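Tertiary structure, described
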Amino acid sequence: MRSLDPVEAALLLKLYRGRKFGASHLLEGNLLRGFPPDRLDVLKSALESLKRDGIVGSKKTKHGPAVSLPPSLGKEVYEQLRRRYAWLPKPPWL
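Below is a short write-up of the structure. (Residues numbered from 1 in each chain as written. Predicted model: local features only at pLDDT ≥ 70, side-chain atom pairs only at ≥ 80, totals over all residues. Heavy atoms only, no water.)

Below, the discussion takes up the pairing of strand β3 (residues 64–68). Taking burial as the measure, the five residues of β3 include four buried ones, the bulk of the element. Pairing between strand β2 (residues 57–61) and β3: five bridges, direction antiparallel. By the bridge assignment for β3, threonine 61 is matched with glycine 64. Counting the residues between successive antiparallel strands, the hairpin from β2 to β3 contains two residues. (Buried < 20%, exposed > 50% of the residue type's maximum accessible area, 1.4 Å probe, protein only. Helix = DSSP H or I, 4+ residues; strand = E, 2+ residues; numbered from the N terminus. Pairing = 2+ DSSP bridges.)

Now the structure itself:
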């Protein structure tokens with residue numbers, strides 16, 4: 001897994017802390033909610049980059065596009081986030 005920039009790490013942190021792995025997903029609109037409105041274009045491009053690299057999976061729902069983390073990348077996502085967020089507790093599966 002490649003190294004993450006701060007914007008990508010913030011998006012992954014929101015998915016990770018919400019335990020959005022595999023079939024559990026979060027709508028893209030809800031993922032981007034809570035960030036400054038003037039940064040939405042940067043966040044959307046970072047999300048597209050994460051999808052393109054396979055770090056975040058996407059899925060269509062009747063409410064709109066949704067995203068989740070692949071379960072196979074759980075440990076690598078934790079390690080990347082731990083480098084940026086030292087306070088992040090160890091997950092129960094490690």
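Moving on from the coordinates now.
Let us look at the sheet that holds β2. Strand order in the open sheet made by the three strands is β1-β3-β2, with antiparallel pairing throughout. Edge positions in the sheet fall to β1 (26–27) and β2, since each of these pairs with one other strand and no more.

Another point: the side chain of lysine 20. Mapped onto the elements of the fold, lysine 20 is located in the loop between α1 (6–17) and β1. One buried charged residue, lysine 20, forms no salt bridge at all, with the nearest opposite charge on glutamate 28 at 15 Å. Discounting residues that sit within four places of it in the chain, lysine 20 has contacts with Leu15, His25, Leu26, Ser68 and Leu69. (Lys, Arg positive; Asp, Glu negative; His and termini not counted. Salt bridge = Lys/Arg side-chain N within 4 Å of Asp/Glu carboxyl O. Contact = heavy atoms within 4.5 Å.)

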